[in-house]
Each structure stands twice: as structure tokens, then as C-alpha cells.
Amino acid sequence: MPYGDPMNARVRSEERRAEIVRAALEVIAERGYRAASLAAVAERVGLTQQGLLHHFPTKEALLVAVLEERDQWDAVPDTRWRVDLLASLVEYNAMRPNIIQTFSALLGESVTEGHPARAYFTERYAQVRRNMAAVLRAEYGERLPNGLTPERTAPLLVAVMDGLQYQWLLDPESVDMPGAFRDFLRLLGENPENPD
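Residues numbered from 1 in each chain as written. Predicted model: local features only at pLDDT ≥ 70, side-chain atom pairs only at ≥ 80, totals over all residues. Heavy atoms only, no water.

Undergrad: So, the pattern of salt bridges: which residues are in play, and what are the values?
TA: If you walk through the whole model with that rule in mind, you get nine salt bridges. Here R130 ties to E123 by a salt bridge, and the two come within 3.2 Å at their closest N and O atoms. Put simply, R137 and E151 hold a salt bridge, and the shortest N to O gap is 2.7 Å. Here R137 is found in helix α7 (residues 118-140), whereas its partner E151 is found in helix α8 (residues 150-170), with 14 residues between them in sequence. Residue classification places R137 among the partly exposed positions, given a relative accessible area of 28%. Looking at E151, the relative accessible area reads 43%, which means it is partly exposed. A network of salt bridges, in which partner residues are shared, links E26, E30 and R44. (Salt bridge = Lys/Arg side-chain N within 4 Å of Asp/Glu carboxyl O. Helix = DSSP H or I, 4+ residues; strand = E, 2+ residues; numbered from the N terminus. Buried < 20%, exposed > 50% of the residue type's maximum accessible area, 1.4 Å probe, protein only.)

In C-alpha cells:
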């Protein structure tokens, strides 16, 4: 074929997009979304800003790709989560500080009016609360040992997970994120593995 193989061109384009998304994750983790520029991301991958715009026409489109990529890494298998397995998720997150830092930076910024990730995080948290309530219901039924319903406990569970991430990012030497989460599970009545 005189103009090259379109399949190879598509694969190269997808690889380049993935490289740009990884660079955007790094830049956002370092600077936050508002201070992250398309020029900085383009420079990191050896493109001009115009070249980057060929793959992502706006900064918002790049942000959506970053969030979608993160969701792919954190995709929950079709099997049901159990409360004790949530400790494994926290341990996994402790091995990915850059991803957690990017997520936390975007989450913090998204609470402002007009932020392009606000709708994403609003819907994501509604879904996470529903998922956590389902996990709690499967484990405890309609009432936890503390008397709360799964729906009342789910926001607390999510708050502990995310709050520990912020504390750990700020002072990883002092905050044992997986250990503290296992301690929280004990408050729910769980006996997670690896107790201190």
C-alpha cells in the first residue's frame, strides 16, 4: 500500500494517546489541574502543543481521558467485593502514590464551581456509595453491628478511605494507610488479615 498500513497508524495513534495521558497524570499530580498546561504535557512527550491538540482538542478532553484511564486501572471485577477485600484495595493504592496524588488533586479542585471534573466526581461518588452500601449489605444485612444501615455507613467508609489517602500523601512516614484502614474495619466488626 503506497500510503502505509492504516492499522499501524491507528495503533501508533493509540500508543501516543496513552503516552499523553500518562504524561498528563504526572503533570496534574505535580501542579494540579488548573496549573497544568497543555504545553507542559506536550513538552513531556516531545510534541508541540498543536501536535497534542491533534489527539486531545481541549484540556477538558484530556482530563476526561485521564479520569477514564484511572477508572480502567481501578475497575472492579464482576465478582462481588467483600468488606475484608477493601483492605487489599487500600494496600494496592499505597503502591501507586502518583495515581493517588493525581486523583486527590483533581478531587480537591473539582469542588469549585465550573470545574470540568465536578460532574464526573459527583456521579462517581454516588456510584461508589451505592457500591459500598451493597458490599456492606452483603456482609451484614440491613443493619451493621453498630445499628446503622448500609446506606448510612457507606459515606463514612468512603470518607475514611479518601481521608486516609490525603493524610498518607501529606505524611507517608507517619500514616500507615493500610494499617489505619484495617483498624477502621475492626470498628465495623471485621477481623481483616495482617492485624497489628
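There's plenty left to go through after this.
Undergrad: Run through helix α6 (residues 97-110), naming residues and quoting values.
TA: When the terminal C-alpha atoms of α6 are compared, their 20 Å separation across 14 residues agrees well with the 20 Å that a helix rising 1.5 Å per residue should span. I99, I100, T102, F103, S104, L106, L107, E109 and S110 are the residues of α6 that are buried. (Expected span 1.5 Å × (residues − 1).)

Undergrad: Give me the lowdown on the nonpolar core, citing residues and values where you can.
TA: With 52 residues, the main nonpolar core has V41, L62, L106, F121, L136 and F181 as its most contacted residues. Counting residues per element, the ones that place at least two in this core are α1 (6-31), α2 (38-44), α4 (59-73), α5 (83-94), α6, α7, α8 and α9 (177-188). Counting residues per element, this core draws most heavily on α7, at eight residues. (Core = buried A, V, L, I, M, F, W, Y, C linked by side-chain atoms within 4.5 Å.)

Undergrad: An account of the packing of aromatic side chains is needed here, citing residue identities and associated values.
TA: One pass over the structure, following the stated rule, counts three aromatic pairs. Residues F103 and F121 carry aromatic rings whose centres are separated by 5.3 Å and whose planes lie at 70° to one another, so their mutual orientation is edge-to-face. Highlighted residues: F103 in helix α6 and F121 in helix α7, separated in sequence by 18 residues. The residues F103 and F121 share a single accessibility class, namely buried. Taking the centre distance of 5.0 Å and the plane angle of 80° together, the rings of Y120 and F121 count as edge-to-face. Counting every residue linked through ring pairs, the aromatic cluster contains F103, Y120 and F121. (Phe/Tyr/Trp six-rings, centres within 6.5 Å; stacked < 30°, edge-to-face > 60°.)

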